[in-house]
Amino acid sequence: MVRKVFVLSEIVKVEKLKKYFPVQKSFLEQLFTRELSYVKAVDEVTFSIRSGEIFTLAGESGCGKTTAGRVIVRLLEPTSGKIHFNGADITQLKGEKIRLLRRRMQMIFQDPYASLNPRMKVGDAVGHPLEIHGLAKGEEKRKAVLDVLDKVGLTPPEQFINLHPHQLSGGQRQRVALARSVILKPGFIVADEPVSMIDVSLRTTIIDLMLSFRKELGLTYLFITHDLAVAKYISNRIAIMYLGKIVEMCQKESLFLNPMHPYTQALLSAIPVPNPKRERKRIELTGEIPSAIDIPTGCRFHPRCSYRTDKCSEKEPQLIEVEKDHFVACHLMK
Amino acid sequence: MTKTKVKRSILARLIPGLTSLTKRGPSGWMVILGIIIVTAMVVVTVIGPWIAPHDPAKTNAHLIRKPPSFQFPMGTTHLGQDMLSRILCGGSIMLQVSALSVLVCFLIGVPLGLFSSYVGGIFDKVSSLVIDAIYAFPGLVIAIAISAMLGRGVVNMALSIAVVYIPSYFRVVRSQVLSIKELTYVEAARGIGAKWYTILFRYVFPNVIPSIVVVATINFADAILTAAGLTFIGLGVTIDIPDWGRDLTSGWQYLSSGAWWIITFPGLMVILLALGFTLIGEGLSELLNPKLQR
Amino acid sequence: MPLLEVGSLTVDYPTSRGTIRAVEDISFSLRKGETLGLAGESGSGKSTLGLSIIRLVPYPGVIVKGHIKIDETDILKLPEDEMRFIRGRKAAYIFQDPMTSLNPVKKIGAHFVELIRTHEPSTGKEEAFERSKTVVENLGILSERINDYPHQFSGGMRQRIMIGLAIALNPGLVIADEPTTALDVIVQAKILDLLESLRKIYGMALILISHDLSIILERCDRIIVMYAGRIFEYATSTEIHKTSKHPYTQGLLQSIPNIELSDQRLAAIPGSPPNMLDPPKGCRFWPRCSYAMKICRVKEPDLIDVGRNHFVRCFLYGEEGVRVERNRKS
């Protein structure tokens with residue numbers, strides 16, 4: 001087969017990434033017990049993101065997707081594993097080098113009410129990255145800020161430049177956050193639930209803006225969400241996380257047409273569909289998500305899985321390529 | 001910005017700011033009332049010496065302890081000095097001492113609190129320990145001790161009072177920084193690559209300022225009372241300068257003989273000044289806190 | 001005879017910056033056993049409406065106009081102690097945040113027992129306890145856990161307990177305010193299923209308040225779409241799904257990602273929800289409406305019956321506006 005497409009390079013590569021948080025012990029516990037227990041938020045995760053794609057980490061709360069996102073941009077320190085960015089190993093970088101890295105990788109946060117400094121005007125907040133990295137000052141900076149504010153739909157930009165966050169709505173604040181993250185023209189953006197806290201009618205606007213920036217600036221996104229419906233709309237590839245591990249990873253279409261992991265299947269069947277007539281075939285899951293401190297043995301999903309076998313409680317399944325570009329971590333896949 | 005521009009921008013923000021206070025309910029009125037009182041006191045202190053009818057230090061042996069009359073509306077002291085003139089001229093020491101002590105507190109307590117809480121670690125633990133130790137002592141005791149060491153004079157008084165109140169600034173700043181440090185917009189600042197001092201001064205500090213203002217005003221009120229207290233026990237300024245605190249001391253001795261005016265008028269002034277600052281502080285605290293909660 | 005009848009309800013919030021009319025002239029009715037969905041975004045007034053029905057509008061909100069009849073009794077005219085009788089027994093409210101709505105120092109069983117004995121003082125301790133156990137079991141919680149404290153339960157379980165407390169006295173009407181917002185999608189589905197099964201067992205009417213139109217379409221018989229305190233559309237869920245009339249409703253439907261559709265083109269509604277201190281004159285939605293006509297900027301449309309029990313507030317319908325044939329985008 002003749003490939004007319006260039007082989008996409010990997011802009012981000014994550015290998016066996018772990019992030020554990022030690023659990024605070026009470027004074028008595030510190031005296032009497034030796035062992036530390038950990039919240040294993042991210043427990044050995046491996047994947048790569050191809051240049052120009054939108055890669056989604058999806059899952060319920062506590063699955064580790066948000067933590068993984070923060071570790072990748074080095075807002076948190078990895079416990080172990082490797083992170084490669086643009087071919088370079090950034091796992092061990094410290095201080096100034098990480099700061100310089102910020103020109104190339106940026107983050108958009110979930111809560112538009114918390115991610116902007118209440119005391120900074122919109123213009124200052126959006127222009128601040130340029131100032132920090134010495135890329136533009138004075139009139140040049142102002143022009144760049146006006147330009148990007150216009151692009152995110154905050155028009156007329158001259159009016160918005162002098163406003164404070166509390167004068168804006170949630171949707172407008174998130175646009176400011178988006179503007180701030182793209183003004184440096186980074187290559188890679190991690191978007192952590194960027195639309196979960198925004199009104200439904202405004203979500204599409206933000207998502208469309210993200211997509212148009214991707215086209216204009218050649219961006220790659222790591223999109224983190226619990227909303228699979230949004231994931232379906234925006235992603236190229238999706239990885240489903242459960243309790244710190246990836247259980248399924250594939251192209252978007254494959255995930256919805258042919259979900260293989262029992263957890264993915266249950267998850268998809270639970271998503272509400274705006275159709276009153278539809279008969280739901282819901283896959284019932286027993287129990288709830290266990291704590292990340294006390295992870296079940298073997299396959300961490302086995303206590304809730306209706307297909308479990310003995311092997312499932314003993315041995316942890318590996319993430320294997322079961323079909324072309326479709327990875328599943330389940331003993332039943334053979 | 002040029003001087004005129006600065007003045008204009010401060011005024012431009014001041015007037016709408018003050019008028020908006022009227023709409024903020026009882027707390028807003030508290031602040032306005034406080035500002036009025038303080039401004040009035042400051043004005044009295046500044047122009048007092050110019051409008052005083054008599055020389056406040058001039059003694060008149062035959063006019064001692066005269067009750068309020070037309071010639072001496074607030075009566076005379078045990079040395080025959082005109083009380084009204086002494087009242088008009090006696091505020092400046094108190095204001096100077098308090099203002100200076102608040103300034104010193106601010107310049108030491110705030111940066112220390114900022115750095116200590118942001119940096120954390122051993123430095124923070126040690127600073128907190130020292131500060132808490134100072135905080136544990138009753139304010140007046142420390143002020144007396146240090147004042148006795150340093151001696152008299154405006155500056156020394158200010159310094160001894162300052163030491164008492166530095167812990168308040170430190171603690172308030174520290175608790176604010178600790179909570180703000182965890183907020184998303186600070187994380188976002190790290191995310192765009194800001195250096196630690198940029199984060200501290202442009203993201204953390206501006207959001208700490210409201211609480212500092214509240215502490216400062218209450219501090220001012222407290223400093224005035226402590227200054228009066230120090231002077232009362234004789235650790236304050238020298239005898240010839242008219243001073244409300246001094247008059248409190250002398251007035252106290254003559255209260256039992258019926259000369260109520262010697263202690264009452266300076267006492268009222270001290271209370272009024274302290275009240276003014278307290279109203280501002282409490283009012284601001286109420287105005288700012290509900291906003292913070294929301 | 002409807003179980004609940006709301007007529008011309010108007011609720012104001014006086015603030016230092018002006019009065020916000022959170023709910024304006026709302027009228028609807030609910031029959032026994034029916035589910036009604038209140039759909040809307042922030043500022044739509046749906047939560048205020050829900051709270052008004054049991055007269056729990058938070059200070060400084062005030063119900064300024066209208067009547068609310070539960071079982072033919074206008075509850076707005078009742079004194080507070082009679083209203084307390086209604087709350088819990090005739091109408092129950094499930095609050096949004098289950099984390100803070102339970103008393104942390106009381107066992108779960110004690111919550112139920114207290115509830116039952118407060119409203120039915122003649123019930124003995126034993127009997128109340130037995131009834132509590134039954135309810136807890138119906139919630140899908142093991143009855144041994146009746147002696148556990150709230151913090152020993154997860155978020156999803158706590159929400160179930162909240163639901164249990166709401167239905168324990170078998171009220172005719174239950175109002176659930178965003179019961180699943182803080183929950184993950186699998187737990188969310190379970191909670192909604194639970195509500196549905198309990199509803200069938202006890203024969204309750206349910207008002208489901210949510211910003212998630214998918215849930216509302218899936219689970220409700222009739223739907224009210226609210227915007228800036230007004231009813232924009234009021235019809236059965238099938239009608240809204242197949243033939244929604246109001247441009248806002250259509251805009252909402254087109255902006256929800258649907259996992260069952262492939263190659264979905266999502267459309268955004270331009271602009272933002274209005275500032276309720278100074279809403280637009282005329283139809284509140286006109287600044288964002290692609291069909292806005294001259295009259296929309298000047299006058300507010302009335303709620304019109306367009307047949308099949310389908311009501312719309314829009315000048316595109318009725319005699320004042322112009323009837324426009326439109327192609328439905330799928």
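Residues numbered from 1 in each chain as written. Chains lettered and ligands numbered in written order. Predicted model: local features only at pLDDT ≥ 70, side-chain atom pairs only at ≥ 80, totals over all residues.

Enquirer: Mind showing me how you'd approach the overall build of chain C here?
Expert: Each helix and strand counted, chain C has 9 helices and 12 strands in total. The C-alpha atoms of chain C give 21 Å as radius of gyration, which agrees with the globular expectation for 330 residues (20 Å, within 12%). Considering only C-alpha atoms, chain C reaches an extent of 65 × 50 × 40 Å along its principal axes. When each of the 330 residues of chain C is scored for burial, the buried share is 47%. (Helix = DSSP H or I, 4+ residues; strand = E, 2+ residues; numbered from the N terminus. Rg over C-alpha atoms; globule rule 2.2 N^0.38 Å. Buried ≥ 20, exposed ≤ 12 C-beta atoms within 10 Å, placed from the backbone.)

Enquirer: Looking at this structure, I do not really get the sheet that holds strand E5 (residues 88-89) of chain A. What am I missing?
Expert: Strand pairing in a sheet relies on backbone hydrogen bonds, with the paired strands running either antiparallel or parallel. Residue and element names in this part refer to chain A. The antiparallel open sheet is built from 4 strands, whose spatial order is E2-E1-E4-E5. At either end of the open sheet lies a strand with only one pairing partner, and these are strand E2 (38-50) and E5. Across 5 bridges, strand E1 (residues 10-22) lies against strand E4 (residues 80-85) in antiparallel orientation. The residue of E4 that forms the bridge with Glu15 is Lys82. (Pairing = 2+ DSSP bridges.)

Enquirer: What is the right way to look at the interface of chain A and chain B in this model?
Expert: It is common to give the size of an interface as the accessible area lost on bringing the parts into contact. Tallying the contact residues gives 20 residues for chain A and 15 residues for chain B. Of all the elements in the fold, those that place two or more residues in the side of chain A that touches chain B are strand E6 (105-108) and helix H4 (122-132) of chain A. In terms of residue count, the dominant contributor to the side of chain A that touches chain B is H4 of chain A (3 residues). Looking at the side of chain A that touches chain B residue by residue, the classes come out as 9 nonpolar, 5 polar and 6 charged. (Contact = placed C-beta atoms within 7 Å. Nonpolar A, V, L, I, M, F, W, Y, C, P; charged D, E, K, R; others polar.)

Enquirer: Any chance you could explain the sheet that holds strand E7 (residues 188-192) of chain A here in plain terms?
Expert: All names here are of chain A. Across the sheet, 8 strands lie side by side as E6-E7-E8-E3-E9-E10-E12-E11; this open sheet has mixed pairing. Lying at the two open borders of the sheet, with one neighbouring strand each, are E6 and strand E11 (320-323). Across the sheet, the mean angle from the axis of one strand to that of its neighbour is 20°, orientation sign disregarded. Note that strand E9 (residues 237-242) and strand E10 (residues 245-251) share 6 bridges and pair antiparallel. Counterpart to Ile238 in the pairing with E10 is Cys250. Strands strand E3 (54-58), E7, strand E8 (220-225) and E9 of the sheet are contacted by helix H2 (residues 65-72), whose axis makes an angle of about 150° with E8. (Axes fitted to C-alpha atoms, helices over the stretch in contact; angles between N-to-C directions.)

Enquirer: It is not clear to me how the interface of chain A and chain C should be interpreted in this structure. Could you clarify?
Expert: Each side of the interface is counted separately: chain A has 34 residues, and chain C has 35 residues. Where the side of chain A that touches chain C is concerned, the elements lending two or more residues are helix H7 (170-182), helix H8 (200-217), helix H9 (228-234) and helix H11 (262-270) of chain A. Ranked by the residues each element gives to the side of chain A that touches chain C, the list is headed by H8 of chain A, at 7 residues. Tallied by class, residues from the side of chain A that touches chain C come to 17 nonpolar, 9 polar and 8 charged.

Enquirer: Honestly, the domain arrangement of chain A in this entry has me stumped. Any pointers?
Expert: Residue and element names in this part refer to chain A. Domain parsing of chain A yields domain 1 (10-104 + 188-196 + 216-271 + 317-328) and domain 2 (112-185). Taken over C-alpha atoms, the centre of domain 1 sits 28 Å from the centre of domain 2. Listed as interface residues are 4 residues of domain 1 and, on the opposing side, 6 residues of domain 2. Looking at the side of domain 1 that touches domain 2 residue by residue, the classes come out as 3 nonpolar, no polar and 1 charged. (Domains from an automatic or database assignment.)

Enquirer: Honestly, the environment of Ser255 of chain C in this entry has me stumped. Any pointers?
Expert: Checked against the element boundaries, Ser255 of chain C lands in helix H9 (residues 247-255). Using a count of 20 C-beta atoms within 10 Å as the deciding quantity, one classes Ser255 of chain C as buried. For the pair Ser255 of chain C and Ala267 of chain C, spaced 12 residues apart in the sequence, the C-alpha separation amounts to 5.2 Å. If near-sequence neighbours (up to four positions away) are discounted, Ser255 of chain C is found in contact with Val200, Ser201, Arg203 and Thr204 of chain A together with Leu266, Ala267, Ala268 and Ile269 of chain C.

Enquirer: Honestly, the confidence of the model for chain A in this entry has me stumped. Any pointers?
Expert: Parts of the model with low pLDDT should not have their predicted coordinates read in detail. Residues with a pLDDT of 70 or more make up 97% of chain A, whose mean pLDDT is 89. Segment residues 1-7 of chain A is flagged for pLDDT under 50; beyond a separation of four residues in sequence, or across chains, it makes 0 contacts in the model. (pLDDT = per-residue confidence, 0-100.)

Enquirer: Is there a simple way to explain the packing of helix H7 (residues 154-181) of chain B against helix H9 (residues 196-232) of chain B in this structure?
Expert: Two quantities define a packed helix pair, namely the angle between the axes and the distance from one axis to the other. All names here are of chain B. Two elements in contact, H7 and H9, have axes whose closest approach is 9 Å; the angle formed by their N-to-C orientations is 155°. As summarised for this structure, H7 and H9 are arranged roughly antiparallel, according to the angle between their axes. The chirality of how H7 crosses H9 is right-handed. Within the contact between the two elements, H7 uses Met157, Ile161, Val164, Tyr165, Ser168, Tyr169, Val172, Val173, Gln176, Val177, Ile180 and Lys181 and H9 uses Val204, Asn207, Val208, Ser211, Ile212, Val215, Asn219, Asp222, Ala223, Thr226, Ala227 and Leu230. Its residues assigned to classes, the contact of H7 with H9 shows 16 nonpolar, 6 polar and 2 charged. (Parallel < 35°, antiparallel > 145°, perpendicular 65-115°, else oblique. Left-handed = near helix turned anticlockwise from the far one by under 90°.)

Enquirer: What should I look at first to understand the nonpolar core in this one?
Expert: What tends to happen in soluble globular proteins is that the nonpolar side chains get buried as a cluster. Membership of the largest hydrophobic core comes to 268 residues, with the highest contact counts inside it found for Ile240 of chain A, Ile161 and Ile224 of chain B together with Val174 and Ile175 of chain C. Ranked by residue count, the leading element in this core is H9 of chain B, at 18 residues. Apart from the residues lying within four places of it in its own chain, the contact partners of Val174 of chain C are Ala92, Ile94, Ala166, Ile167, Met204 and Leu206 of chain C. (Core = buried A, V, L, I, M, F, W, Y, C linked by C-beta atoms within 7 Å.)

Enquirer: Got a minute to help me understand the pairing of E1 of chain A in this structure?
Expert: The side chains of a regular strand alternate between the sheet's two faces. As judged from the 10 bridges shared by E1 of chain A and E2 of chain A, these two strands associate in the antiparallel manner. Looking at the pairing, Pro22 of chain A lines up with Tyr38 of chain A of E2 of chain A.

Enquirer: Would you take a moment to explain the confidence of the model for chain C for this structure?
Expert: Residues and elements named next belong to chain C. In this model, chain C carries an average pLDDT of 86, and 96% of its residues clear a pLDDT of 70 or more. Within the model, pLDDT remains below 50 along residues 322-330, and this stretch shows 3 contacts once partners closer than five positions in the same chain are excluded. For this predicted complex, the interface confidence score (ipTM) comes to 0.84, while the overall pTM stands at 0.83.

Enquirer: Quick question: what am I supposed to make of H4 of chain A here?
Expert: Each α-helix turn comprises 3.6 residues. Residues three or four places apart therefore point the same way. All names here are of chain A. Burial within H4 is extensive, with 8 of its 11 residues counted as buried. Taken residue by residue, H4 has Val122, Gly123, Ala125, Val126, Gly127, His128, Pro129 and Leu130 as its buried positions. Looking at the buried side of H4, the elements it contacts are helix H5 (138-151), helix H6 (157-160) and H7. Of the residues flanking the end of H4, it is Gly134, one or two places downstream, whose phi is positive at about 65°.

Enquirer: Just checking my understanding: could you explain H5 of chain A for this structure?
Expert: If you check H5 of chain A, its first and last C-alpha atoms are 20 Å apart, about what 14 residues at 1.5 Å a residue would give, namely 20 Å. Contacts made by the buried residues of H5 of chain A are with H4, H6 and H7 of chain A. (Expected span 1.5 Å × (residues − 1).)

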